[in-house]
Amino acid sequence: MLCLPRPLKQKIRAKRKAGHGICCLRTKPRLPYGEGMAKMMRKQSGFTLIEIAIVLVIIGLLLGGVLKGQELITSARVRNLISQQDGIKA
């Protein structure tokens, strides 16, 4: 026979006296946030559409900033070359 703690043995005896089989005895402790939440936390894998959309927006903003910065640098170089050329002409 298994060596069970006394409170567990008492629960088993009480269930048997009440006419229940041993199958309805809960041996796992209850979780503070409920079993449904525990199942949902175990099943969750991957990303939601909202999370993917937010990441795509952030990537788009970063790319837009980089491209605009490159455009500003290029236009500044063109303006500098034009001003140098005007200085040489004068």
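Just above sits the structure.
In this report, the structure presented in the accompanying data block is examined. (Residues numbered from 1 in each chain as written. Predicted model: local features only at pLDDT ≥ 70, side-chain atom pairs only at ≥ 80, totals over all residues. Heavy atoms only, no water.)

1. Points about the overall build of the protein chain
Looking only at helices and strands, one finds 3 helices and 0 strands in the protein chain. The secondary structure elements of the protein chain, listed N-terminal to C-terminal, are α-α-α. Taken across its 90 residues, the protein chain has 3% of its residues classed as buried. A total of about 8700 Å² of accessible surface is found on the protein chain, and carbon and sulfur atoms cover 65% of it. (Helix = DSSP H or I, 4+ residues; strand = E, 2+ residues; numbered from the N terminus. Buried < 20%, exposed > 50% of the residue type's maximum accessible area, 1.4 Å probe, protein only. Areas by Shrake-Rupley, 256 points an atom, 1.4 Å probe, with all protein chains shown as cover.)

2. Considerations on a nonpolar patch on the surface
On the surface, Phe47, Ile52, Val55, Leu56, Ile59 and Leu63 cluster together into a nonpolar patch covering about 620 Å² of accessible area. Tracing the sequence through the fold places Val55 in helix 3 (residues 49-89). (Patch = residues over 30% accessible without salt bridge, like charges linked within 9 Å, V, L, I, M, F, W, Y side chains within 5 Å. Salt bridge = Lys/Arg side-chain N within 4 Å of Asp/Glu carboxyl O.)

3. Considering the pattern of salt bridges
In this structure the tally under the stated criterion is 1 salt bridge. Across the pair Glu71 and Lys68 runs a salt bridge, and its minimum N-O distance is 3.9 Å. Remark: Lys68 and Glu71 occur in helix 3; sequence separation between them is 3 residues, near one turn of the helix. Relative accessible area serves as the criterion here: at 49%, Glu71 is assigned to the partly exposed category.

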